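Coordinate analysis (summary)
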Amino acid sequence: MSRLPQSQSTHALLDEGLWEGKLFSGAWQAPLAGGRTAVIEPATGHCLTITGEARAEDITQSAASAARHQAAWEAVAPRQRADIFLRAAQVLQAHADECALFIARETGGILLKAHHEVREAVLFLQLAAGQVMQPHGLVLPSNSGTLSYARRLPHGVVGVISPFNFPLILSIRSVAAALAAGNAVVLKPDPQTPISGGFLIARLFEEAGLPAGVLHVLPGGAHTGAALCADPHVRMIAFTGSTAAGRKVAETAGRNLKKVALELGGKNPLIVLEDADLERALSCASWGAFLHQGQICMASGLILVHESLVERFVEGLVERTRRLRVGDPASGEVELGPMINENQLVRAHQMVLDSVGAGARLQIGGRYEGLFYQPTVLSHLKPGMPAFDRELFGPVACVASFASDEEAIELANRSEYGLAAAVISRSVGRAMSLGARLDCGMLHINDQTVNDDCVNPFGGRGNSGNGSSMNGPANWDEFTQWQWVTVKETPPQYPF
Ligand SMILES: NC(=O)C1=CN([C@@H]2O[C@H](COP(=O)(O)OP(=O)(O)OC[C@H]3O[C@@H](n4cnc5c(N)ncnc54)[C@H](O)[C@@H]3O)[C@@H](O)[C@H]2O)C=CC1
Ligand SMILES: COc1cc(C(=O)[O-])ccc1O
């Protein structure tokens with residue numbers, strides 16, 4: 001099916017010469033107001049590259065261009081559209097190492113995590129090709145002689161706003177699904193990760209032959225994002241980030257009567273019952289709490305352990321934590337890299353200090369050098385302490401104990417969030433019935449909370465979202481609207 005030339009991998013995909021000081025608005029161009037942003041590599045403090053910085057007027061221009069190009073994109077034959085996604089997937093695969101290294105350097109995440117992002121992004125693109133070829137309507141029951149059907153219509157222009165932590169996955173999952181449904185897209189990645197979360201995707205679709213004007217990539221900060229939410233050409237916003245910013249996004253989108261899908265924060269409980277396999281539970285806890293320095297919305301942010309096990313559990317976790325290496329992720333020889341920036345580090349550290357001040361015990365860590373925060377274990381946490389109540393977004397395993405299943409449920413459900421939850425027990429049935437009572441959008445029995453398979457509906461409850469999900473079967477509902485159509489042979493005769 002694909003017409004990808006064999007020579008793809010002989011040139012670099014990520015070519016700074018294309019984007020230096022620029023935005024992608026169908027072509028590489030300077031921002032209207034000439035803004036520029038330096039992208040800093042968190043592990044070294046070096047400037048990785050310089051992009052253009054979009055302001056409100058760039059959003060206006062790109063959104064109008066996207067709106068002009070959308071109908072022609074929707075009209076492209078499905079096989080041809082599917083082909084573009086498959087080619088983009090192949091280009092990414094051919095440049096996997098190059099892209100993974102850039103992601104590691106730009107996000108401060110280890111290479112393992114960067115390769116995970118690339119692998120998942122390839123799959124998101126392949127699934128988008130499949131989405132194009134799926135049925136997109138229903139024939140409805142109707143009175144004889146009337147053909148009545150419902151078909152999925154794209155919204156028009158979809159705005160995507162994504163964060164710094166998993167920039168490629170969290171951008172492409174919305175971009176690919178929105179495009180596959182026939183929308184044009186304006187993507188605003190986080191200005192700290194504009195390549196992994198933005199220009200990389202622009203390059204893939206450029207190489208794959210997406211018609212110019214259908215995808216726009218405009219790095220910028222909160223003001224730029226706010227302009228996207230207010231722009232009248234943009235009919236839907238897919239947002240991933242903090243609950244605070246999500247609330248503002250939803251306010252602006254609501255005022256402008258546009259649809260909004262929110263994927264927000266989490267304080268995801270990992271519950272370890274007394275009959276759990278201790279070593280496996282420790283492995284889950286360490287991965288769920290420390291992967292990507294805990295900067296994951298689904299991180300196992302609250303580890304609830306049965307009181308009969310908690311002492312041994314904390315000992316074991318400290319032992320494992322001691323073995324973790326922290327350093328430059330590009331070296332390939334560490335388990336943890338740096339935090340994304342000083343603000344995030346200070347915020348996390350303050351929560352550790354305040355929790356210890358309130359009676360929590362610091363078992364290991366709690367120190368940092370530059371942006372490198374030592375993996376940390378806090379125990380004896382209680383409701384009311386910041387590390388128990390709030391999303392920490394740092395490499396801190398927060399352990400609390402419970403005496404009964406009822407208490408575990410009560411402690412887990414106290415949270416304002418409701419993204420992911422996990423229960424570990426040798427009794428699958430018991431874990432399932434406990435899990436069924438947890439208020440969450442994603443539940444994992446005998447695993448930790450950081451899980452995403454591209455085909456699963458991904459979304460949270462409470463302050464983790466607004467009842468929306470994306471991925472797999474959810475994509476059609478998110479990125480299209482139903483249109484009802486009836487067709488009669490002749491117009492009916494009405495009573496008057
Ligand atoms: N759920 C998740 O995956 C994430 C959660 N977070 C949480 O947020 C905290 C702060 O991280 P930030 O990077 O500052 O998250 P953030 O929510 O401020 O940023 C996410 C994206 O939203 C944009 N943005 C910010 N304010 C906006 C506004 N008013 N209108 C439109 N767009 C806006 C940003 O430029 C970025 O592209 C973290 O400590 C963590 O608790 C952060 C990143 C991802
Ligand atoms: C671990 O990879 C993912 C991370 C996140 C996140 O942090 O929001 C979301 C989806 C993912 O597939």
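As the structure is a prediction and not an experimental result, all values here were calculated from the model.

What counts and how
- Residues numbered from 1 in each chain as written.
- Chains lettered and ligands numbered in written order.
- Predicted model: local features only at pLDDT ≥ 70, side-chain atom pairs only at ≥ 80, totals over all residues.
- Heavy atoms only, no water.
- Near = heavy atom within 4 Å.
- Polar contact = N/O pair within 3.5 Å; in protein donor to acceptor, adjacent residues only side chain to side chain.
- Areas by Shrake-Rupley, 256 points an atom, 1.4 Å probe, with all protein chains shown as cover.
- 1 Å grid on protein atoms, 1.4 Å probe; cavity = no way out; pocket = protein on both sides within 12 Å on 5 of 7 lines; lining within 4 Å.
- Sits in = over half its atoms within 2 Å of the grid points.
- Helix = DSSP H or I, 4+ residues; strand = E, 2+ residues; numbered from the N terminus.
- Core = buried A, V, L, I, M, F, W, Y, C linked by side-chain atoms within 4.5 Å.
- Buried < 20%, exposed > 50% of the residue type's maximum accessible area, 1.4 Å probe, protein only.
- Contact = heavy atoms within 4.5 Å.
- UniProt positions renumbered as here; feature names shortened; annotations may be inferred.
- Pairing = 2+ DSSP bridges.
- Nonpolar A, V, L, I, M, F, W, Y, C, P; charged D, E, K, R; others polar.
- Patch = residues over 30% accessible without salt bridge, like charges linked within 9 Å, V, L, I, M, F, W, Y side chains within 5 Å.
- Salt bridge = Lys/Arg side-chain N within 4 Å of Asp/Glu carboxyl O.
- Disulfide = S-S within 2.5 Å.
- Axes fitted to C-alpha atoms, helices over the stretch in contact; angles between N-to-C directions.
- Parallel < 35°, antiparallel > 145°, perpendicular 65-115°, else oblique.
- Left-handed = near helix turned anticlockwise from the far one by under 90°.
- Points joined across faces, edges and corners; volume = space filled by probe spheres on them.

Every one of the 26 residues lining ligand 1 counts as a neighbour, but Ser162, Ser242, Gln344, Arg347 and Glu391 are closest to it. Between ligand 1 and Ser162 there is a distance of 2.8 Å, counted from an oxygen atom to a backbone nitrogen or oxygen. Computed on the free molecule, ligand 1 has an accessible area of 810 Å², of which 87% lies beneath the protein chains in the complex. For ligand 1, the cavity whose grid points lie within 2 Å of the majority of its atoms is the largest pocket. Where the shell around ligand 1 is concerned, the elements lending two or more residues are helix H8 (222-230), strand S10 (234-240), helix H9 (243-255) and helix H12 (342-357).

Judged by nonpolar contacts, the single largest core of 96 residues is most densely connected at Phe85, Leu125 and Phe205. When sequence neighbours within four positions are dropped, the list of residues in contact with Phe205 reads Ile84, Phe85, Ala88, Leu125, Val175, Leu179, Leu210 and Leu215. Counting 31 residues, the second largest nonpolar core, distinct from the first, contains Ile271, Phe388, Val396 and Ala400.

What follows covers the UniProt feature "domain: Aldehyde dehydrogenase" (unreviewed entry) in the protein chain. What UniProt calls "domain: Aldehyde dehydrogenase" (unreviewed entry) maps, in this numbering, to residues 35-485. Across residues 35-485 one finds 42% helix and 21% strand; the C-alpha atoms that close the span lie 47 Å apart.

Ordered by their spatial adjacency, seven strands build an open sheet running S2-S1-S9-S8-S7-S10-S11, and the pairing between neighbours is mixed. This sheet does not close on itself; its edge strands, each paired only once, are strand S2 (28-29) and strand S11 (259-263). Pairing geometry for strand S7 (residues 157-161) and S10, over five bridges, is parallel. By the bridge assignment, Val157 is partnered in S10 with Val234.

Turning our eyes to something else, we now look at the environment of Leu273. Counting through the fold element by element, Leu273 comes out in the loop between strand S12 (269-272) and helix H10 (278-290). Discounting chain neighbours no more than four positions away, the residues touching Leu273 are His306, Leu309, Phe402, Asp405, Val423, Ile424, Ser425, Arg430 and Leu434.

Feature annotation in UniProt assigns "active site" (unreviewed entry) to the following positions: Glu263. Residue class for Glu263 comes out buried when judged on its relative accessible area of 3%. What Glu263 contacts, discounting residues up to four positions off in sequence, is Arg173, Phe239, Thr240, Gly241, Phe458, Gly459, Gly460, Ser464, Ser468, Ser469 and Met470.

With that out of the way, let us pick up the site of ligand 2. The local shell around ligand 2 consists of His116, Asn165, Phe166, Ile169, Leu170, Ile296, Cys297, Met298, Val450, Asp452 and Phe458. Here an oxygen atom of ligand 2 sits 3.1 Å away from a polar atom, N or O, in the main chain of Cys297. In the environment of ligand 2, an oxygen atom lies 2.5 Å from a nitrogen or oxygen atom belonging to the side chain of Asp452. Burial of ligand 2 by the protein amounts to 97% of the accessible area it has alone, namely 320 Å². Judged by the fraction of its atoms near the pocket grid, ligand 2 is located in the second largest pocket. Class assignment for the residues of the shell around ligand 2 results in eight nonpolar, two polar and one charged.

With that settled, consider a nonpolar patch on the surface. Together, Leu123, Leu127 and Val455 line one region of the surface with nonpolar side chains, adding up to about 210 Å² of accessible area. With respect to the helices, strands and loops of the structure, Leu123 is situated in helix H5 (residues 111-132). Residue classification places Leu123 among the partly exposed residues on the basis of a relative accessible area of 31%.

This brings us to the state of the cysteines. Within the structure shown, the criterion is met by zero disulfides. Not engaged in a disulfide, the cysteine Cys47 finds its nearest cysteine sulfur in Cys99; these two sulfurs lie 19 Å apart. What makes Cys47 partly exposed here is its relative accessible area of 44%.

As for its position among the elements, Glu117 is in helix H5. Looking at Glu117, the relative accessible area reads 0%, which means it is buried. For Glu117, the contacting residues outside a window of four places in its chain are Ile103, Asn165, Phe166, Pro167, Leu168 and Ile169.

In this section: the packing of H8 against H9. Packing of H8 against H9 leaves a shortest axis separation of 8 Å and a crossing angle of 30°. One finds that H8 runs roughly parallel with respect to H9. In the crossing of H8 with H9, the sense of the turn from one axis to the other is right-handed. Counting all contacts with H8, which are made through Ala226, Cys229 and Ala230, the residues of H9 involved are Val249, Thr252 and Ala253. The residue makeup of the contact of H8 with H9, split by class, is five nonpolar, one polar and no charged.

Enumeration over the complete set of coordinates arrives at one cavity of 30 Å³ or more. Taken as a whole, the largest cavity holds about 120 Å³ of empty space. Surrounding the largest cavity, 17 residues form its lining, Gly294, Ala299, Gly301, Leu392 and Phe393 being those nearest its centre.

The next subject is the environment of Arg81. With respect to the helices and strands, the residue Arg81 is situated in helix H3 (residues 78-94). When the C-alpha positions of Arg81 and His233 are compared, they lie 23 Å apart, and in sequence the two are 152 residues distant. Once you skip the residues sitting within four places of it in the chain, Arg81 turns out to touch Trp73, Glu74, Val76, Val132, Leu179, Ala180, Ala181 and Gly182.

This paragraph deals with the sheet that holds strand S21 (residues 442-445). Ordered in space as S14-S17-S18-S13-S12-S20-S21, the seven strands form an open sheet in which the pairing is mixed. Pairing within the sheet leaves two strands with one partner each, and these edge strands are strand S14 (361-364) and S21. The average undirected angle you get between the axes of adjacent strands in this sheet is 20°. Alignment of strand S17 (residues 376-379) against strand S18 (residues 396-402), held across three bridges, turns out to be parallel. Bridge pairing links Val377 to Ala397 in S18. Where helix H15 (residues 428-435) meets the sheet, it contacts S12, strand S20 (420-424) and S21, and its direction lies at approximately 160° from that of S21.

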